[in-house]
Amino acid sequence: MDARGPILGVETSCDETAAAVVTSEGTVVANTIFSQTVHTAYGGVVPELASREHAGRLPTIVRQAMETADVGWDDLRGIAVTAGPGLVGCLLVGVAYARSAARARNLPLYAINHLEAHAHTPAMTAPGLTYPYLVLIASGGHTSLVVVERPGHFHEIGRTRDDAAGEALDKVGKLLGFDYPAGPQLDRIGHSGHADAVAFPRVRLASGPYDFSFSGLKTAAAFDWKGRRDGRRPEVSLSDWVASFESAVMESLTSTLARAADELKIATVGLAGGVARNRRLRAQVTAWAERTGRRAVVPPPDWCADNAAMIASVGLYQDALRDSASADAFPGWALGTPYPGL
Ligand code: KG4
Ligand code: ZN
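Parameters at a glance
- Residues numbered from 1 in each chain as written.
- Chains lettered and ligands numbered in written order.
- Predicted model: local features only at pLDDT ≥ 70, side-chain atom pairs only at ≥ 80, totals over all residues.
- Heavy atoms only, no water.
- Donors = N, O, S within 2.8 Å, 3.2 Å for Na, K, Ca; no water.
- Tetrahedral: all angles 85-135°; square planar, octahedral: opposite > 155°, others 65-115°.
- Helix = DSSP H or I, 4+ residues; strand = E, 2+ residues; numbered from the N terminus.
- Buried < 20%, exposed > 50% of the residue type's maximum accessible area, 1.4 Å probe, protein only.
- Pairing = 2+ DSSP bridges.
- Axes fitted to C-alpha atoms, helices over the stretch in contact; angles between N-to-C directions.
- Contact = heavy atoms within 4.5 Å.
- Near = heavy atom within 4 Å.
- Polar contact = N/O pair within 3.5 Å; in protein donor to acceptor, adjacent residues only side chain to side chain.
- Areas by Shrake-Rupley, 256 points an atom, 1.4 Å probe, with all protein chains shown as cover.
- Nonpolar A, V, L, I, M, F, W, Y, C, P; charged D, E, K, R; others polar.
- Patch = residues over 30% accessible without salt bridge, like charges linked within 9 Å, V, L, I, M, F, W, Y side chains within 5 Å.
- Salt bridge = Lys/Arg side-chain N within 4 Å of Asp/Glu carboxyl O.
- Lys, Arg positive; Asp, Glu negative; His and termini not counted.
- Charge placed at Lys NZ, Arg CZ, Asp CG, Glu CD.

Each protein donor to the zinc ion (ligand 2) is listed here as His-114 (NE2), His-118 (NE2) and Asp-306 (OD); together their distances run 2.1 to 2.2 Å. For the zinc ion (ligand 2), the 4 donor atoms in the first shell make angles of 91 to 149° at the metal, so the coordination geometry reads as irregular. Every donor residue of the zinc ion (ligand 2) comes from the same chain, spaced as H-x3-H-x187-D. Here Asp-306 lies in the loop between α9 (301-304) and α10 (309-315) and His-114 lies in helix α3 (residues 114-125), a separation of 192 residues in the sequence. Residue His-114 shares its accessibility class with Asp-306, and that shared class is buried.

Below, the structure written as structure tokens:
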């Protein structure tokens, strides 16, 4: 073990098998991601298949990351692994692997919260950014607004009441006949469309000022799409329809983020999670920041979706487990709460 050496990150909480190597200074020297494709035919992630894929692929993905970084086990300062939240069988594959590797090589083991890692991504992208910052975490499983007071200290001020933003995109995309996950395809098709072609509702909740809701929009979209198909509503091009729907989802995210930054007087905002790859969302948030003199940190796409570089980066500021052999998976581990296995 080299106490000042790089850290190995391992991420297997859902359907990305990922490993990364990050130096003590926070430089990402390898970020290897395998996005599982076995789920495409099922319209969503099948937990059992995801676990099996992780078990089969993880050793190779770790080896690739270490080869890219040109490091051996003895060069590492430790291993950071996602311990929750996520799918329990998937988490267990990563945790069991990291636990064994840490024991075999006598390396410290860091149990990382997946949401904390997403929330940390803006700080990883813009080292030296000022705290507190406000981060929007939008993925297939989560949609939250989080104030990051300082590394490791979080305050969730809003969350979705029903579907996650990515879930709404994936479900409406499925209705349109797209494979899972539909988000990237909607981004591609909607990019050239006119976002004002179809007037979708914008939801503003009466209570919970920074909460989100996407189920009403999802139902309205399904109803509208059916109307276009059976001729009850005038035809619009697919790209205009998708642009309008996508824009309604992204505007709800952007306007809530902007309002929270205004009201709480937070000058720096950031994006995280798979939906933060969306070009419309990235452009909306960047334009708002320019207009209002705020700083928007928009991480590179590979750091938005699930990855292990963000896991390793959190390992750099967190304490190692006292007993790595006891590391476990915690599917419901809430952001901002201590590691449940202590
Ligand atoms: O963070 P992530 O990779 O996995 C978790 O859910 O934790 O996020 C996946 C979600 C999916 O819903 C996917 O459709 C969405 O992110 N997504 C996108 C784009 N790329 C991925 N949504 C909109 N535009 C994209 N370019
Ligand atoms: Zn995630």
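Let's shift gears to the sheet that holds strand β6 (residues 133-138). Sheet architecture is open: 5 strands sit in the order β8-β7-β6-β9-β10, paired in mixed fashion. One side of each edge strand has no neighbouring strand; the edge strands of this open sheet are β8 (153-159) and β10 (295-297). Strand-to-strand twist across the sheet, computed as the mean angle between neighbouring axes with direction ignored, equals 25°. Strand direction decides the pairing type here: β6 and strand β7 (residues 143-150), joined by 6 bridges, are antiparallel. Across the sheet, residue Ala-138 finds its bridge partner in β7, namely Thr-143. Strands β6, β7, β8, β9 (268-272) and β10 of the sheet are contacted by α3, whose axis makes an angle of about 125° with β6.

Near ligand 1 there are 18 residues, and of these Gly-140, Asp-170, Asp-187, Gly-274 and Asn-278 occur at the shortest range. A distance of 3.1 Å separates an oxygen atom of ligand 1 from a polar atom in the backbone of Gly-183. Separating an oxygen atom of ligand 1 from a backbone N or O atom of Gly-274 is a distance of 2.9 Å. Across the complex, the protein chains shield 90% of the 550 Å² of accessible surface that ligand 1 would expose by itself. When residues of the shell around ligand 1 are traced back to their parent elements, those giving at least two are α4 (165-175) and α5 (183-190). Classifying every residue of the shell around ligand 1 gives 5 nonpolar, 8 polar and 5 charged.

With that out of the way, let us pick up a negative patch on the surface. On the surface, a cluster of negative charge is made up of Asp-2, Asp-70, Asp-74 and Asp-75. Inspection of the secondary structure puts Asp-74 in the loop between α1 (47-69) and β4 (78-84). On the basis of relative accessible area, Asp-74 is assigned to the exposed category, the value being 57%.

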